[in-house]
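As a plain string of letters, each chain reads:
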Amino acid sequence: DSGQSTPIVRGGRIFLSTYSAVGQELATVALDEKTGELLWKRVAPAGQIETYHPQTGTPAPATPACDGQRLYVFFGSYGLICYDLDGKQLWENRMGPFQDEYGAGSSPILADDKVLLNQDHDLKSFLLAIDRSTGRVIWKTERPAAVRSYSTPAIWTQNGRKQVLVAGALELAGYDLATGEKL
C-alpha cells in the first residue's frame, strides 16, 4: 500500500493513511510502535477515487490528526472520518471527490474543540470547522477565489484572537477560529 501522509505516533501506535491501487482501496492503519505489527486497518469505501497525479500523487496524501482520544483522517475521495484509537468509527462527514486535476492534498488540524480542514479546488473551495466529538459542522466558509491550493491550515494568535491561516492561490488569508469570518 502507498500513501504520502506523514505517519503520526500517539500512545505507542503509529497511524497513517494508505491507498492500494489494486482494488482502489483507501484505508487507515494503526501499527504497534515497537514491533510494527498491524493493530487494525479500516477501509473507507469510496465509490469513486479522485483524480491524482499518476507519477507523483496518491489519493491518500493527508496526514491524520490525533487528540489522544480520537483519530481524524481525511481522504478527498471519501471525506473526514473519526475513529477512537482502537479503530472504532465514531463519526464521518462525507465529501468529495472534488473537481481538481491533482486531488485533495490538505490535512486536517486540531484547534480548541474543532477539526479544521481546508479544501481549495477548481470549484467550491472552502474552509471547514467540525466539532471533534460529534462530527457536526460548526462553520463552513466558502473560498471562491481559491483554486488548486494544497496547503494545510495553521493557527496563529494575534492580540489574543486565534486565527486560522490558509495559504491559498495568490493569497494568505486569516479566518476567525470561532466563527470562520475572513479577517
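Residues numbered from 1 in each chain as written. Predicted model: local features only at pLDDT ≥ 70, side-chain atom pairs only at ≥ 80, totals over all residues. Heavy atoms only, no water.

Taken over all residues, the pLDDT of the protein chain has a mean of 91, while the share at 70 or more is 99%. Within the protein chain, strand E5 (residues 65-66) carries the highest mean pLDDT (98), whereas strand E15 (residues 171-176) carries the lowest (93). (pLDDT = per-residue confidence, 0-100. Helix = DSSP H or I, 4+ residues; strand = E, 2+ residues; numbered from the N terminus.)

Within the chain, Lys124 stands out as a residue other than glycine whose phi angle is a positive 60°. Examined against the element boundaries, Lys124 turns out to sit in the loop between strand E10 (114-119) and strand E11 (126-131). Overall, Lys124 belongs to the exposed group, its relative accessible area being 72%. Positioned with a positive phi, Asn159 is a non-glycine residue whose angle comes to about 55°. As for its placement among the helices and strands, Asn159 is situated in the loop between strand E13 (154-158) and strand E14 (161-168). With relative accessibility at 79%, the residue Asn159 sits in the exposed group. (Buried < 20%, exposed > 50% of the residue type's maximum accessible area, 1.4 Å probe, protein only.)

Turning our eyes to something else, we now look at the pattern of salt bridges. Going through the model one piece at a time under the given rule, you end up with 10 salt bridges. One salt bridge in this structure joins Asp86 and Arg13, with 3.0 Å as the shortest N-O distance. Residue Asp86 is located in the loop between strand E7 (79-84) and strand E8 (89-94), and its partner Arg13 is located in strand E2 (residues 13-20); the two are separated by 73 residues in the primary sequence. Ionic pairing is found between Lys41 and Glu25, a salt bridge with its closest N-O pair at 2.8 Å. You can see Lys41 sitting in strand E4 (residues 38-44) and its partner Glu25 sitting in strand E3 (residues 25-32), a full 16 residues away along the chain. Classification of Lys41 by relative accessible area gives partly exposed; the value is 33%. Judged by its relative accessible area of 24%, Glu25 is partly exposed. A single salt-bridge network, built from bridges that share partners, covers Asp67, Arg70 and Arg132. (Salt bridge = Lys/Arg side-chain N within 4 Å of Asp/Glu carboxyl O.)

A few words now on the pairing of E2. Among the 8 residues that make up E2, 7 are buried, leaving the element largely enclosed by the rest of the structure. Of the pairings in the sheet, the one linking strand E1 (residues 8-10) to E2 comprises 3 bridges and is antiparallel in character. Note that in E2 the partner of Arg10 across the bridge is Arg13. Hairpin connection from E1 to E2: 2 residues lie between these consecutive antiparallel strands, with Gly11 at a positive phi of about 60°. Where E2 folds back onto E3 in an antiparallel hairpin, the turn is made up of 4 residues, including Gly23, whose phi is positive at roughly 85°. (Pairing = 2+ DSSP bridges.)

The residue Ser17 is located in strand E2 in this model. Reaching out from Ser17, the side chain makes a polar contact with the side chain of Ser5 at a distance of 3.2 Å. Of note is the side chain of Ser17, whose polar atom sits 3.1 Å from the backbone oxygen of Ala62. (Polar contact = N/O pair within 3.5 Å; in protein donor to acceptor, adjacent residues only side chain to side chain.)

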